[in-house]
Each structure stands twice: as C-alpha cells, then as structure tokens.
Amino acid sequence: MKYEDNILAQKSMEFAVRIVKLFKHLTEKDHNYVLPNQILRSGTSIGADIFEGINAQTKPDFLTKINIALKEATETEYWLNLLVRTDYVKKKEFDSLERDLDEIKRLLVSTVKTTKNNLSKE
C-alpha cells in the first residue's frame, strides 16, 4: 500500500508537519527546548510508526507498529495539554491540534480493532 492511498498515513504526515512548525515557533520565541523537544519527538513518531506499519512484513508486525503509533499519539496528547496549561500554546491552536490528533487516534483505534479481528479469523 502506498502512502497516498492511506488516509491515516496522510493525516499523520499533515499532523507531523504542524508539530514541526509548532516546534520552530516555540523555540524561536523561547529558547527552552525541553517541552518543544518532547512534543516534536512524540508528535512526529506517530506518522513514522504508521509508515513502518504500512511496510510491515506481517500482520502481527503491522499491528505492533500501529499500537506504538497509538501510544505516541497518547503521549502527544499529554504534551499538548501541558503546553496549553503552561501558556506555551494558545487555546485556539491547542483546540485545532487536539481535533486533528483525536481524529488520528480514532483511526488508529479502528485500525487496531480491525486488524485484531482479522488476525483472530486466520
């Protein structure tokens, strides 16, 4: 399956681009790199794990990668909440990022459930 054919891969790439831009904005404004590095790492890992999963050699390997992406999405949610609660990110920007992340998480959960169901039928 190609990246272009996978809505989850597309959305995770778009989200990663937004996270990179957020990182650049946060580090230009304040030279504290601890929190921006955390959100950069987890927010871009989601898509990287999805891309790895797309090219997995087996269905169990695919499931592992998608579960890791879901864990990274959950961690990213934590960092986003921390950034907004500490006034590094404005509420409007947070809300937009959170909506995108929630959509990715829903797609990941659905993919995990479907994959587990398909594996149990084999």
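Owing to the predicted nature of the structure, the values given are computational and were not obtained by experimental measurement.

A. Structural detail: the overall build of the protein chain. On a plain count of helices and strands, the protein chain comes out with four helices and zero strands. From first element to last, N terminus to C terminus, the protein chain shows the α and β order α-α-α-α. Relative to the globule expectation of 14 Å for 122 residues, the C-alpha radius of gyration of the protein chain, 15 Å, shows essentially globular dimensions. Looking at the 122 residues of the protein chain, the share that counts as buried comes to 37%. Counted over contacts in the protein chain with a minimum sequence separation of 6, partners at least 24 positions apart contribute 74%. A total accessible area of about 7300 Å² is found for the protein chain, and carbon and sulfur atoms account for 53% of it. Charged side chains in the protein chain number 20 positive and 19 negative. The centres of these two groups are separated by 3 Å.

B. Here's a closer look at unusual backbone geometry. Positive phi, close to 65 degrees, is recorded for D87, a residue that is not glycine. Secondary-structure assignment places D87 in the loop between α3 (59-85) and α4 (91-121).

C. Focus on the packing of aromatic side chains. Within the structure shown, the criterion is met by two aromatic pairs. Consider the rings of F23 and Y33, whose centres lie 6.4 Å apart with planes at 50 degrees: the pair is tilted. In this pair, F23 is assigned in helix α1 (residues 7-29) and Y33 in the loop between α1 and α2 (34-54), connecting sequence segments 10 residues apart. Judged by relative accessible area, Y33 falls into the partly exposed class, the value being 37%. Ring plane angle 75 degrees and centroid distance 4.9 Å describe the contact between Y78 and W79, whose orientation is recorded as edge-to-face.

D. Quick look at the nonpolar core. Of all hydrophobic cores here, the largest spans 28 residues; its most connected members are F15, L22, I46, I50, L80, L83 and L108. Those elements giving two or more residues to this core turn out to be α1, α2, α3 and α4. Here the element with the most residues in this core is α3; it accounts for nine residues.

Procedures and definitions
- Every chain's residues receive numbers from 1 upward, in the order its sequence appears when written.
- Totals for whole chains, interfaces and linings use all residues, but because this is a predicted model, local features are given only for residues with pLDDT of at least 70 and pairs of side-chain atoms are given and counted only at 80 or more.
- Water and hydrogen atoms play no part in the side-chain values, which are based on all heavy atoms of the structure.
- Each helix is a run of DSSP H or I of at least 4 residues and each strand a run of E of at least 2, with the numbering of both proceeding from the N terminus.
- We compute the radius of gyration over the C-alpha atoms and compare it with the globule rule, which gives 2.2 Å times the number of residues raised to the power 0.38.
- The classification of residues rests on relative accessible area computed with a 1.4 Å probe and restricted to protein chains. Under 20% of the type maximum is buried, over 50% is exposed, and intermediate values are partly exposed.
- Contacts are residue-level and defined by heavy atoms, with any inter-residue pair within 4.5 Å sufficient.
- Note on areas: Shrake-Rupley with a 1.4 Å probe; residue coverage comes only from the protein chains shown.
- The charge count includes Lys and Arg as positive and Asp and Glu as negative, but it does not include His or the ends of the chains.
- Charge positions are represented by NZ for Lys, CZ for Arg, CG for Asp and CD for Glu.
- The pairing test for Phe, Tyr and Trp rings, Trp by its six-membered ring, is centres within 6.5 Å, and the orientation test on the planes gives stacked under 30 degrees, edge-to-face over 60, and tilted for anything in between.
- What we call a nonpolar core is a set of buried Ala, Val, Leu, Ile, Met, Phe, Trp, Tyr and Cys residues that are connected through their side-chain atoms within 4.5 Å.

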